[in-house]
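So you can see what is in the structure, the chains are spelled out below.
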Amino acid sequence: MKSNGETVQLIAEQRTQKKGSGLRNLRQSGRVPAVVYGQQFDSIPIHVDAKEFSRVSHTGRSELFELKLDGKTVPVLIKDMQKQNDRLLHVDFIKIAKNKPIQVSISIDFQGTAVGSKAGGVFQTLLTELEVEGLPNDLPAVIEVDISKLEVGDKLAASEIQLPKGVSLVTPEDTLVASVGVLRAADTDTGEAAESSADEEVAASEEE
């Protein structure tokens, strides 16, 4: 992997192994089986170095980078990753055009602590990604959302999240992203009962 100005390049090689022991041998040698495809672009089975791939994939799937394949560079995004027990098995790359808007799902990074949580409320995450559209170079790695001003009873809708310039929302505007709920009395009673039971157990053990 190397940086070409601002664009990261990931070296890829074509593969002939497509199933069974061939793929297992690739993985055991530190390679990740993959495929790259796109509009007006024939699907090509490839493999990439596992450690180098992890460096370009840790921030999310909206990071534009280039696959260097057979002496050519192909602008791509990560379309899908298949895992088993946290082990990476396969990656799908999709070829994109830098001058055409694309739709992707971008992870939400909640920043701060809701003021309502400090007042006894319960912060709830209802959505972890937003579907957005924009030119590849305009798409952020994550969407940061400040939740510090949310009070008990507040709800945060997708339309209330500020997006970077050039990026538009695809997720329905009224979709709830997060909320600060009221702790139910039943939960409080259960908690108090548990604390009371614990206190009784401690007292009994001290008497023994």
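- As named in an unreviewed UniProt entry, the protein chain is Large ribosomal subunit protein bL25, taken from Paenibacillus urinalis.
- Comment text from UniProt for the protein chain, heading Function (unreviewed entry), reads "This is one of the proteins that binds to the 5S RNA in the ribosome where it forms part of the central protuberance."
- Looking at the Sequence similarities (unreviewed entry) heading of the UniProt record, one finds this comment for the protein chain: "Belongs to the bacterial ribosomal protein bL25 family. CTC subfamily."

Digging into the overall build of the protein chain
Thought 1: A tally of helices and strands in the protein chain yields four helices and 14 strands.
Thought 2: When the 208 residues of the protein chain are sorted by exposure, 34% land in the buried category.
Thought 3: Residue pairs at least 24 apart in sequence account for 62% of intrachain contacts in the protein chain once pairs closer than 6 positions are excluded.
Thought 4: Looking at the protein chain as shown, the accessible area adds up to about 12,900 Å², and 45% of this sits on carbon and sulfur atoms.

Section: the nonpolar core
Thought 1: In terms of nonpolar packing, the biggest core is built from 23 residues, with L130, V132, I143 and I161 touching the most fellow members.
Thought 2: Per-element accounting of this core gives the leading share, four residues, to strand β8 (residues 102-111).
Thought 3: Counting 19 residues, the second largest nonpolar core, distinct from the first, contains V32, I46, F65 and I78.

Remarks on the packing of aromatic side chains
Thought 1: With the rule as written, the count across this model stands at three aromatic pairs.
Thought 2: Ring geometry for F65 against F93: centres 5.9 Å apart, planes inclined by 85°, an arrangement best described as edge-to-face. Here F65 is found in strand β5 (residues 65-69), whereas its partner F93 is found in strand β7 (residues 87-95), with 28 residues between them in sequence. Across this residue pair, the class does not change: F65 and F93 are buried.
Thought 3: Ring geometry for F110 against F123: centres 5.7 Å apart, planes inclined by 75°, an arrangement best described as edge-to-face. Separated by 13 residues along the polypeptide, F110 in strand β8 and F123 in strand β9 (residues 122-125) bring together distant segments of the chain.

A word on the side chain of R31
Thought 1: With respect to the helices and strands, the residue R31 is situated in strand β3 (residues 31-38).
Thought 2: At 2.9 Å, the side chain of R31 forms a polar contact with the side chain of H47.
Thought 3: With near-sequence residues (within four places) excluded, R31 lies in contact with E13, L26, H47, V48, D49 and A50.

Conventions we followed
Residues numbered from 1 in each chain as written. Predicted model: local features only at pLDDT ≥ 70, side-chain atom pairs only at ≥ 80, totals over all residues. Heavy atoms only, no water. UniProt positions renumbered as here; feature names shortened; annotations may be inferred. Helix = DSSP H or I, 4+ residues; strand = E, 2+ residues; numbered from the N terminus. Buried < 20%, exposed > 50% of the residue type's maximum accessible area, 1.4 Å probe, protein only. Contact = heavy atoms within 4.5 Å. Areas by Shrake-Rupley, 256 points an atom, 1.4 Å probe, with all protein chains shown as cover. Core = buried A, V, L, I, M, F, W, Y, C linked by side-chain atoms within 4.5 Å. Phe/Tyr/Trp six-rings, centres within 6.5 Å; stacked < 30°, edge-to-face > 60°. Polar contact = N/O pair within 3.5 Å; in protein donor to acceptor, adjacent residues only side chain to side chain.

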